[in-house]
Amino acid sequence: MEGLDCETRALAMHNVHLRRYGRVIVDDVNLEIGRGEKWILFGPNGIGKSSLISMMSTRAFPTSGDIDVLGRRLGKVDVFSYRHLIGLSSAELSRAFPPFEDPLDVVVTALSATTGRWKDTYTSDEYARARRLMEDFGIAYLAGKQFGRLSEGERTRTLICRALMAQSELLILDEPTTGLDLGAREITIRALSSLHDDPRTIIVVTHHLEEIPQGFDHIAIMGRQSTVTSQPDPADPAPGTIEYAGDLEHGLTAERLSRLFGMPLDVHHIDDRWSAFARI
Ligand SMILES: Nc1ncnc2c1ncn2[C@@H]1O[C@H](COP(=O)(O)OP(=O)(O)OP(=O)(O)O)[C@@H](O)[C@H]1O
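Each value, and the rule that gives it
Residues numbered from 1 in each chain as written. Predicted model: local features only at pLDDT ≥ 70, side-chain atom pairs only at ≥ 80, totals over all residues. Heavy atoms only, no water. Salt bridge = Lys/Arg side-chain N within 4 Å of Asp/Glu carboxyl O. Helix = DSSP H or I, 4+ residues; strand = E, 2+ residues; numbered from the N terminus. Buried < 20%, exposed > 50% of the residue type's maximum accessible area, 1.4 Å probe, protein only. Pairing = 2+ DSSP bridges.

## Quick word on the pattern of salt bridges
Thinking step 1. With the rule as written, the count across this model stands at 12 salt bridges.
Thinking step 2. Measuring nitrogen to oxygen at the nearest pair gives 3.7 Å for the salt bridge that ties R185 to E211. Placement of R185 in helix α6 (residues 182-193) and of E211 in the loop between β8 (201-206) and β9 (218-224) is noted, with a sequence separation of 26 residues between them. Across the pair, E211 and R185 agree in class, each one buried.
Thinking step 3. What emerges from the salt-bridge pattern is a single network uniting R9, E32, D66, D68 and R73.

Quick look at the structure:
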């Protein structure tokens with residue numbers, strides 16, 4: 001692969017395709033992310049963002065193409081030898097925990113990359129760090145409760161704390177503000193904005209421009225792979241691919257977003273926050 005070398009590259013995808021049950025979901029994705037960079041992954045519903053995240057986090061393998069995560073080629077190196085270097089927060093991951101698990105343990109078990117505490121033990125310093133993270137995200141009160149009984153917003157924030165707890169080099173947060181009320185959303189965006197100079201590589205998936213944390217200055221935008229057949233088929237939509245990867249300012253244009261969502265949109269960037277609205 002060209003571009004960044006493996007020392008400076010956190011992630012590289014080259015001609016990546018993913019097929020599920022005979023249907024191509026992700027088509028010809030090429031993407032390079034440098035170590036320490038802060039990226040947004042953006043695109044319409046069903047375009048393949050979560051599928052891409054599954055591969056970036058070593059939970060799924062491409063049907064064809066090459067993926068290098070933290071310098072290891074997916075499929076060539078045992079993923080369990082380096083998965084602890086990847087912090088992940090996603091709705092899918094939240095289903096992996098026993099319902100009676102203490103949210104504090106959900107956070108602290110990131111250190112051993114396990115989902116469910118058993119014989120593993122953690123130091124008081126490690127628990128203190130987990131509690132501090134939960135305080136930062138406004139969920140310190142959840143310690144001692146049961147993970148399975150949390151609201152969607154509480155679960156989401158617990159998983160973000162868990163992703164930050166791990167000694168990871170790559171952090172992937174899939175829709176970290178889903179289900180959060182306005183206050184919780186702003187606390188989360190502020191906490192993520194404070195990571196702008198963190199040495200870790202961070203990728204945040206979001207649907208809403210106003211949820212882009214400050215300091216996240218790269219964006220990968222997914223769109224439908226254009227086909228030679230002119231008419232789009234709603235029953236069998238074309239697979240998703242990366243149609244733009246680069247800096248936010250050049251990526252988030254009204255013209256591109258209007259085309260992507262099939263409606264005239266205005267894009268605003270005020271006081272370091274982005275937003276988009278349909279043109280009336
Ligand atoms: N295991 C699977 N088997 C079959 N189809 C799948 C599978 N996983 C995802 N898909 C399909 O692949 C497409 C992309 O799904 P994916 O969840 O990656 O999209 P997304 O961009 O994350 O969507 P959203 O924004 O709605 O969360 C969808 O059409 C989905 O139905």
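Additional details are given in the paragraphs that follow.
## Here's the deal with the pairing of strand β3 (residues 38-42)
Thinking step 1. In terms of burial, β3 is largely enclosed, as 5 of its 5 residues are buried.
Thinking step 2. Where burial is concerned, the two faces of β3 agree: the one with K38, I40 and F42 and the one with W39 and L41 are both buried.
Thinking step 3. Relative to β9, β3 runs parallel, the two being bridged by 4 bridges. Looking at β9, one finds that W39 is bridged to H218.

## Side note on helix α1 (residues 49-56)
Thinking step 1. Of all 8 residues that make up α1, 6 are buried, and the element is covered over most of its length.
Thinking step 2. Here α1 has its buried residues at K49, L52, I53, S54, M55 and M56.
Thinking step 3. One or two residues past the end of α1 sits T58, with phi positive at roughly 65 degrees.

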